[in-house]
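Residue-level structural notes
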Amino acid sequence: MQYDHILIRYGEMALKGKNRKHFTKQLEFNVKDQIRPYRKAKVERTRDRMYIHLHGEDHEPIVEACRHIFGIHSFSLAIRTENEELAIKQAALQLLLDNPIGTSFKISCRRTNKQFPIDSQEMNQRIGAYVLQNSEGYPVDVRNPGVDIMVEIRERATYVTGQKIKGPGGLPAGSSGKTLLMLSGGIDSPVAGYLAMKRGVEIEAIHFHSPPYTNERAKQKVIDLAHTLSKFGAKVKIHVVPFTELQVKVHQEIPFGYSMTVMRRMMMRISERIAKRQGILSLTTGESLGQVASQTMESMHTINEVTNYPVLRPLITMDKSDIIEISKQIDTYDISTRPYDDCCTVFVPEAPKTRPRREKVHLYEGTIDFSAEFERAIEGTEIITASPAAENAAPFADLL
Amino acid sequence: MIYFDNSATTKPHPDVLASYTEAAQTYFANPSSLHRLGGSAEQLLTACRKQAAQLLHVGEDEILFTSGGTEGNNLAIKGTAYRKKRLGNHIITTAVEHPSVLETCAELESQGFKVTYVDVDMYGYVAPEKIKAAITDETILVSVMHVNNELGTIQPIKTIGQMLTAHPKITYHVDGVQGAGKVALDIKESHIHLYTLSAHKFHGVKGSGILYKDENTHIAAQLSGGGQEQALRSGTENVPGITAMVKALRLAMEELRNHPAKLFELKEKLLGGLEKMDGVIVHSPPAGAPHIVNFSVPGLKPEVLVHALGEKDIYVSTKSACSSKNSDASAVLLACGVPDAQAESAIRVSFSYENTQAEVDYFLQILKETLTHLKKVMR
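In this text the structure is predicted, and so the values were computed from the model without any measurement. (Residues numbered from 1 in each chain as written. Chains lettered and ligands numbered in written order. Predicted model: local features only at pLDDT ≥ 70, side-chain atom pairs only at ≥ 80, totals over all residues.)

A count of helical and extended segments in chain B gives twelve helices and 13 strands. For a compact globule of 379 residues, the expected C-alpha radius of gyration is about 21 Å, and chain B comes in at 21 Å, within 12% of that figure. Counting only C-alpha atoms, chain B reaches 70 × 50 × 35 Å along its principal axes. When burial is assessed residue by residue, chain B has 47% of its 379 residues classed as buried. Expressed as a percentage of contacts within chain B between residues at least 6 apart in sequence, the contacts between residues at least 24 apart total 73%. (Helix = DSSP H or I, 4+ residues; strand = E, 2+ residues; numbered from the N terminus. Rg over C-alpha atoms; globule rule 2.2 N^0.38 Å. Buried ≥ 20, exposed ≤ 12 C-beta atoms within 10 Å, placed from the backbone. Contact = placed C-beta atoms within 7 Å.)

In structure tokens:
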């Protein structure tokens, strides 16, 4: 027996009113994009469901891809059988046995082909009896089954669908516009990017690079993080800002306690400029309240002053342990914890102000002209693209 | 030259040597160095680890690079024994393992560990039930080789692995040195915790190997030092050797996938020819690995035959190279119940994907002539 198609359920998108089509179309686009290498597989979109017709393609890589596509609430593999009682029973049994022992089940039969001699009520009972006789440890539960085995008897064939596989949920990538993610290389910012993507947001990333204080490996780390994130949506552009000159000047000119605050304000200003240039309408950071000196209420108040763009902070109320857990799930933790300095960890004053005040910052920033360094940083910005496919073009392919 | 001693070692593949040279020249820096050169060596090492993991269908963090089979087996066995000694002191292995397993076990015995050497049938085959019967509350490790180096016997690795899942305390080590690239084995499906590989058995360069370590399995390091390889195998990484090994592994796996029958056909031909020769007894099991054929010509000293063939530029071996310096009978054959006279005269022919049908034909012809000649002389 071979899998015929994958049935995809929409989840929260299905609750949308008039905009539903906008979301489902985006999802269809994304699914097609991810399964492009499997040429024979075709996508069909209906109001409530989507189907991937496998047409002989191997189901495993496609199932793997579906686990990562935002907007998919759950999905199931369907077996196609002849319209024969025994074949249908065997398919139902096979699907049940894919579940761990102890899973309760129910059979839901639908007969659209009225030529088929047994009606659906009767089929439910017959299939149920067959499955019970040929398995051990799978109880029946018609009210709250662990797995609902759905049997659809149609004109040409019968389709049997079993276990629901959980998708990542959320909204399809690209259905909620674009944001500029401030990607430092730490644990938090990739998780923030992931959560934004989960709500359908497409991301570009901005990274501040301060050679020689930060090295090539720190930059590579950011590229690897962006690459990992790209698997949850589409390719990710990274804007790498040469930050050394500006950062050194801030470090030299601004009183110690305030240098970090001013540096953050500079980053925010540069990010807004890049976002504007790219037609992006918001910024996203990995800030979490109280985690470090720059992430106190006072700090955010002072730093956020320089932009009136919306700043998304998906992690703002999360505990560090929860953030780490997500970063492990999405495979960014091991990259983030590579031990290289990033722009936020060099020049850190011993005692940064945890309660910086706007008036003080105005005073310090007002006396010094940073505009030349600021413009050079923007001009020197380099764009690197990390795409999900980039991994195939391995860097040492000729050696290995 | 006809090289039929591929189970002793293989000739490095030219492409593998090219990679070795390139890596040794360009990526010579220490991967732990902070500078850019160190960074690129580290990236190459990461790419190697990734490719090795993909080829073996395991995780990247489950690959430990070692110096080869002997180190891998030592690290697996001692590493497990020392790490788990509080849980028990009993080890199970078989009577037909490679010396790097048997001698390691003997060393542990001298330190108070108890070792059961499970016996084998006439073909060197270990019955899973015998392993099962040997398990006690004290058992912490079972070590079984995948393919026997002298006979080519394929052990029931998966059956044993499944059986051991009922004993969560036991670590399962498989010496995969002879099987890699020759006989397919799914590490995860076989529930293997530790799996040893050696590069020079599949056309890599000597001095490199892999110890696969399941992510939830813990062992004690046997080398103290700079903390490389998850602090389980300290020492500056042999980047060129590793690069060459991973490339060789890819080539061997591709060869196995694209020409799965090739080695079998060589073996068939050889067995067909040997059958027709008087006084030749084949010891290898019919269902054994496709690249090893072990046979005896009782009454003839194997060294004489090896040297006589060597004069014709044909290279085979007597038992395993690692034990062939002791001129005693093959311990593996004796364990299988082969009589002394035969066990003392065993010859091993071992193929690789580089060998051809024509070579087997020529070998059979020369063997026949040599045997006829030697028999006359000996009488």
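With that out of the way, let us pick up the overall build of chain A. Along the backbone of chain A there are 13 helices and 14 strands. Overall size of chain A, expressed as C-alpha extent along the three principal axes, is 90 × 45 × 40 Å. The contacts in chain A between residues at least 6 apart in sequence include a share of 80% that link residues at least 24 apart.

Attention shifts here to the UniProt feature "binding site: ATP" (unreviewed entry) in chain A. Residues and elements named next belong to chain A. Taking the UniProt record as the reference, the feature "binding site: ATP" (unreviewed entry) is found at Met182, Leu183, His207, Phe208, Arg264, Gly286 and Gln295. Here histidine 207 shows up in strand 10 (residues 202–209). Classification of histidine 207 by C-beta neighbours within 10 Å gives buried; the count is 28. Setting aside chain neighbours within four positions, we find histidine 207 in contact with Leu183, Val222, Ile238, Val240 and Val241. Along the chain, glycine 286 turns up in the loop between strand 12 (283–284) and helix 9 (297–303). (UniProt positions renumbered as here; feature names shortened; annotations may be inferred.)

On to the UniProt feature "domain: THUMP" (unreviewed entry) in chain A, then. According to UniProt, the "domain: THUMP" (unreviewed entry) feature falls on residues 60–164 of chain A. Structurally, residues 60–164 of chain A comprises 32% helix and 25% strand, and the distance from its first C-alpha atom to its last is 15 Å.

Attention now goes to the domain arrangement of chain A. As far as domains go, chain A holds domain 1 (3–166) and domain 2 (178–392). The gap between the C-alpha centroids of domain 1 of chain A and domain 2 of chain A is 43 Å. (Domains from an automatic or database assignment.)

What follows concerns the nonpolar core. Grouped together as the largest cluster of nonpolar side chains are 94 residues, with contacts concentrated most on Leu44(B), Ile91(B), Val142(B), Ile210(B), Tyr212(B) and Ala248(B). The dominant element in this core, judged by the number of residues it contributes, is helix 7 (residues 239–258) of chain B, at eight residues. Each of two domains, domain 1 (2–9 + 260–378) and domain 2 (14–255) of chain B, supplies a minimum of three residues to this core. Not counting residues up to four positions away in its chain, the partners in contact with Ile210(B) are Ala52(B), Ile63(B), Leu64(B), Phe65(B), Thr66(B) and Leu197(B). Core analysis: the second largest hydrophobic core is formed by 90 residues, Ile8(A), Ile62(A), Ala226(A) and Val250(A) among them. (Core = buried A, V, L, I, M, F, W, Y, C linked by C-beta atoms within 7 Å.)

As a further point, take the interface of chain B and chain A. Taken together, the 14 residues of chain B in the interface contact seven residues of chain A. Going through the elements one at a time, helix 1 (14–26), helix 2 (36–56) and helix 7 of chain B are the ones with two or more residues in the side of chain B that touches chain A. By residue number, the principal contributor to the side of chain B that touches chain A is helix 2 of chain B, which donates seven residues. For the side of chain B that touches chain A, the residue count by class is five nonpolar, five polar and four charged. (Nonpolar A, V, L, I, M, F, W, Y, C, P; charged D, E, K, R; others polar.)

Moving on: the packing of helix 3 (residues 85–97) of chain A against helix 4 (residues 120–133) of chain A. Residue and element names in this part refer to chain A. One way to put it is that helix 3 packs onto helix 4 with a least axis distance of 9 Å and a crossing angle of 55°. Compared by their axis directions, helix 3 and helix 4 come out oblique. The two elements helix 3 and helix 4 meet at a crossing, and its hand is right-handed. Judged by residue contacts, Glu85, Ile88, Lys89, Ala92, Leu93 and Leu96 of helix 3 engage Arg126, Ile127, Tyr130 and Val131 from helix 4. Of the residues in the contact of helix 3 with helix 4, the class split is seven nonpolar, no polar and three charged. (Axes fitted to C-alpha atoms, helices over the stretch in contact; angles between N-to-C directions. Parallel < 35°, antiparallel > 145°, perpendicular 65-115°, else oblique. Left-handed = near helix turned anticlockwise from the far one by under 90°.)

Okay, the sheet that holds strand 13 (residues 346–350) of chain B next. Sheets are built from strands paired through backbone hydrogen bonds, the pairs being either parallel or antiparallel. Residues and elements named next belong to chain B. Here four strands make up an open sheet; going across it, the order is 9-10-13-12 and the pairing antiparallel. Only two strands of the sheet have a single neighbouring strand rather than two, namely strand 9 (281–282) and strand 12 (317–318). Where strand 10 (residues 292–296) meets strand 13, five bridges bridge the pair, whose relative direction is antiparallel. Among the inter-strand pairings, serine 296 is bridged to a residue of strand 13, identified as alanine 346. Helix 8 (residues 262–275) contacts strand 9, strand 10 and strand 13 of the sheet and is inclined by roughly 10° relative to strand 10. (Pairing = 2+ DSSP bridges.)

What follows deals with the sheet that holds strand 6 (residues 171–175) of chain B. Residues and elements named next belong to chain B. In space, the seven strands of this open sheet follow the order 2-8-7-6-5-3-4, with mixed pairing throughout. With partners counted over all chains shown, the strands left at the sheet margins are strand 2 (63–66) and strand 4 (114–118), one partner each. Averaged over all pairs of adjacent strands, the angle between strand axes in this sheet comes to 20°, irrespective of strand direction. Here strand 2 runs beside strand 8 (residues 209–213); their pairing, made up of four bridges, is antiparallel. Bridge pairing in strand 8 places phenylalanine 65 opposite isoleucine 210. Taken strand by strand, helix 4 (residues 99–110) contacts strand 3 (90–94), strand 4, strand 5 (139–145) and strand 6, and its axis lies near 155° from that of strand 3. Of the strands in this sheet, strand 5 and strand 6 touch helix 6 (residues 157–164), which is tilted by about 170° from strand 5.

Moving on, we come to the confidence of the model for chain B. Model confidence for chain B is summarised by a mean pLDDT of 93, while 97% of its residues fall at 70 or above. This complex was scored by the predictor with a pTM of 0.71 and an ipTM of 0.76. (pLDDT = per-residue confidence, 0-100.)

Residues and elements named next belong to chain B. One can read the domain layout of chain B as domain 1 (2–9 + 260–378) and domain 2 (14–255). The C-alpha centroid of domain 2 is placed 28 Å from the C-alpha centroid of domain 1. Every contact between the two is made by 26 residues of domain 1 and, on the other side, 27 residues of domain 2. Secondary-structure elements contributing two or more residues to the side of domain 1 that touches domain 2 are strand 10 and helix 10 (331–335). Within the side of domain 1 that touches domain 2, the residues separate by chemical class into twelve nonpolar, twelve polar and two charged.

All names here are of chain B. The element strand 3 is extensively covered by neighbouring structure, given that four of its five residues are classed as buried. Alignment of strand 3 against strand 4, held across five bridges, turns out to be parallel. Its bridge partner being in strand 4, isoleucine 91 is matched across the sheet by valine 115. Crossover connection from strand 3 via helix 4 to parallel strand 4: handedness right-handed. Pairing between strand 3 and strand 5: three bridges, direction parallel. By the bridge assignment for strand 5, isoleucine 92 is matched with valine 142. (Right-handed = clockwise from strand over helix to strand, strands pointing away.)

What follows concerns helix 3 (residues 69–83) of chain B. All names here are of chain B. Taking 1.5 Å per residue, 15 residues should reach 21 Å; helix 3 reaches 20 Å between its end C-alpha atoms and fits that length. By the criterion of burial, helix 3 is predominantly enclosed, with eleven of the 15 residues buried. Listed in full, the buried residues belonging to helix 3 are Gly69, Thr70, Gly72, Asn73, Leu75, Ala76, Ile77, Lys78, Gly79, Thr80 and Ala81. (Expected span 1.5 Å × (residues − 1).)

Residue and element names in this part refer to chain A. Where burial is concerned, the two faces of strand 3 (residues 49–53) differ: the one with Met50 and Ile52 is buried and the one with Arg49, Tyr51 and His53 is not. Here five bridges tie strand 1 (residues 3–9) to strand 3, and the two strands are oriented antiparallel to one another. Across the sheet, residue leucine 7 finds its bridge partner in strand 3, namely tyrosine 51. Here strand 2 (residues 42–45) folds back onto strand 3, and the loop between the two strands holds three residues.

Residues and elements named next belong to chain A. Topologically, serine 387 is positioned in the segment after strand 14 (382–386). A count of 16 C-beta atoms within 10 Å places serine 387 in the partly exposed class. Residues serine 387 and glutamate 375 lie twelve residues apart in sequence; the distance between their C-alpha atoms is 29 Å. Every residue in contact with serine 387, bar those within four places of it in the chain, is listed here: Ser230 and Lys235.

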